Amino acid sequence: GMCVDVAGDKLAPYDASAMTLFDYRTDHLVGSDLLADAEERPSFVYVMPSGEGGCDGCGTSAFFEETSLVGRGERRLEFETLKQRLIKRLAFHGITYGEASVREEEYCYIPMGGQLPDRTQRVVPIGGAANTVHPATGYQLCRMLASSTGVAAALSAELSKGDGFDPDAAAAAAHASLWPASNRLQRDFAVFGGEFLGSQPVEILRGFFGAFFALEQPVWGGFLAGWPGLPGNENHATWLARVRFGITIALKFPPKVAATFVAYLAAFTAAYGPLILKSIFTPVFEIGVGPPPPDPG
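Residues numbered from 1 in each chain as written. Predicted model: local features only at pLDDT ≥ 70, side-chain atom pairs only at ≥ 80, totals over all residues. Heavy atoms only, no water.

## A few points about the overall build of the chain
The condition that has to hold: Under the scheme used here, helices are H or I runs from DSSP no shorter than 4 residues and strands are E runs no shorter than 2 residues, and both carry numbers assigned from the N terminus. The contact rule is simple, with two residues in contact once any of their heavy atoms fall within 4.5 Å. His residues and chain termini do not enter the charge count, which takes Lys and Arg as positive and Asp and Glu as negative. For this purpose, a charge sits on NZ of Lys, CZ of Arg, CG of Asp or CD of Glu.
Assigned secondary structure in the chain consists of eleven helices and four strands. Across its three principal directions, the C-alpha atoms of the chain cover 80 × 50 × 35 Å. In the chain, 69% of the contacts between residues at least 6 apart in sequence involve partners at least 24 apart. A distance of 6 Å separates the average location of the 23 positive side-chain charges in the chain from that of its 32 negative side-chain charges.

Shown next as structure tokens:
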């Protein structure tokens, strides 16, 4: 990604007054040897205009980033490949900029998915170390800030006990605040989403996101954030909300996307067990689970 001063007023097809997400178009690669790879290992651009450029004759200053949503193994995209795609995309749309205006060039990988922290350790992680990175979007900052208040409150409550302070109890309380069962179930749902998106060709991703952004803004926005206390999270925080979300978006899928989604759900469950099923049919898996019987003594 790079921040540049766009020459003139040419930012189309992007809106100079809004941020663009998930532009998966590949028309800029038609006729090139990059097209087949872009269809199988998709990348998208997001565009963030930031006001007037910093030079005479410059129109808008904007940040362009070509990236992949989730990439693993052979599907992980190389920085040079992404840079080539971005340069071709901008040239295709007639978006020009002076080389001297290129600044804040960015190269990064964001770890997504993976294991949650060991709840038995005394070291209490926060942010990326606590794996609060959204496993389907890569967003992390707001999730880290939202999670930190609960962790701080848990630690403060234990520290206030004075001579009765127990560091192991404090760590356990912080871990419980960070990843309670409700958060883990919601995360499992997002993990499935990230794995699905990371394995699909561009045709399926276009259909998926066409349905996704046809949902009401608080619903799709809530999924992108996906943490208690953040806007729209009530649309995903409970098993019933996730069932409602799943049915609503599935009804909007094109037939090919729907068939692909169902097939992937079956394959994912066969490989990882009922992880996603527990997230959306939670009460079924809680049948017979209750508090331990009282001590007969």
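Read on for the rest.
## Topic: the packing of helix H6 (residues 202-212) against helix H9 (residues 255-272)
Using the following cut-off: The angle between two axes is taken between their N-to-C directions and runs from 0 to 180 degrees, where each axis is a line fitted to C-alpha atoms and a helix contributes only its stretch in contact. Roughly parallel refers to an angle under 35 degrees, roughly antiparallel to one over 145, roughly perpendicular to one between 65 and 115, and oblique to any angle outside these ranges. For this scheme, ten residues count as nonpolar: Ala, Val, Leu, Ile, Met, Phe, Trp, Tyr, Cys and Pro. Four count as charged, namely Asp, Glu, Lys and Arg, and the remainder, Gly too, count as polar.
At a closest axis distance of 9 Å, the pairing of H6 and H9 adopts a crossing angle of 105°. With respect to their mutual orientation, H6 and H9 come out roughly perpendicular. Of H9, the residues touching H6 (which contributes Glu203, Ile204, Gly207 and Phe208) are Lys256, Val257 and Thr260. Of the residues in the contact of H6 with H9, the class split is three nonpolar, two polar and two charged.

## Digging into the confidence of the model for the chain
Put simply, the rule is: For every residue, the pLDDT score states the predictor's confidence, bounded by 0 at the bottom and 100 at the top.
For the chain, the mean per-residue pLDDT works out to 90, and 94% of the residues sit at or above 70. Highest mean pLDDT in the chain belongs to helix H8 (residues 239-250) (97); lowest belongs to strand S4 (residues 58-67) (86).

## Some words on the pattern of salt bridges
Definition in use: When a carboxyl oxygen of Asp or Glu is within 4 Å of a side-chain nitrogen of Lys or Arg, the pair counts as a salt bridge. For every residue, the accessible area obtained with a 1.4 Å probe (protein chains only) is divided by the maximum for its type, and the residue is called buried under 20%, exposed over 50%, and partly exposed between those limits.
Applying the stated rule across the entire model yields 13 salt bridges. Between Arg85 and Asp37 there is a salt bridge, with its nearest N and O atoms 3.0 Å apart. Taken together, the residues span a long stretch of sequence, with Arg85 in helix H2 (residues 79-92) and Asp37 in helix H1 (residues 35-40) at a distance of 48 residues. Judged by relative accessible area, which is 1%, Arg85 ranks as buried. Salt bridges linked by common partners bring Asp23, Arg25, Glu66 and Arg89 together as one network.

## Comments concerning the packing of helix H5 (residues 181-197) against H9
Short version of the rule: Crossings are assigned a handedness: left-handed for a near helix turned anticlockwise from the far helix by less than a right angle, right-handed for a clockwise turn.
Where H5 meets H9, the axes come as close as 11 Å, and the angle between the chain directions of the two elements is 115°. Here H5 runs over H9; the crossing is right-handed. Of the residues in H9, those in contact with Phe192, Glu195 and Phe196 of H5 are Thr260, Phe261, Tyr264, Leu265 and Phe268. Looking at the contact of H5 with H9 residue by residue, the class counts come to six nonpolar, one polar and one charged.

## Here we look at the environment of Gln84
By secondary structure assignment, the location of Gln84 is in helix H2. When its relative accessible area of 34% is taken as the criterion, Gln84 is described as partly exposed. Sequence separation of Gln84 and Phe209 is 125 residues, and the distance between their C-alpha atoms is 24 Å.

## Considering the packing of aromatic side chains
Counted only if it meets this: Classification of ring pairs uses Phe, Tyr and Trp, with its six-membered ring standing for Trp, and accepts pairs whose centres are within 6.5 Å; under 30 degrees between planes counts as stacked, over 60 as edge-to-face, and the remaining range as tilted. A ring is considered to have a charge above it if a Lys NZ or an Arg CZ atom is located within 6 Å of its centre and within 35 degrees of its normal.
Taken as a whole and judged by the stated rule, the model has 29 aromatic pairs. Between Phe192 and Phe261, the aromatic rings sit 5.5 Å apart at their centres with planes inclined by 85°, giving edge-to-face as the arrangement. Of this pair, Phe192 sits in helix H5 while Phe261 sits in helix H9, and the two are 69 residues apart along the sequence. A ring pair is formed by Phe212 and Phe213, whose centres lie 5.1 Å apart and whose planes are at 85°; its orientation type is edge-to-face. For Phe212, a relative accessible area of 2% gives the class buried. Above the ring of Trp179, the side-chain terminus of Arg187 is found at 5.8 Å from the ring centroid.

## Structural notes on the side chain of His236
Put simply, the rule reads: For this analysis, a polar contact is any N or O atom pair within 3.5 Å, provided that within protein one partner can donate a hydrogen and the other can accept it, and provided that sequence-adjacent residues contribute only side-chain to side-chain pairs.
Locating His236 in the fold gives a position in the loop between helix H7 (217-225) and H8. Here His236 falls in the buried class, since its relative accessible area comes to 2%. At a separation of 3.2 Å, a polar atom in the side chain of His236 contacts the main-chain amide nitrogen of Phe223. The contacts of His236, once residues within four sequence positions are left out, are Gln186, Val219, Gly222, Phe223, Ala241, Arg242 and Phe245.

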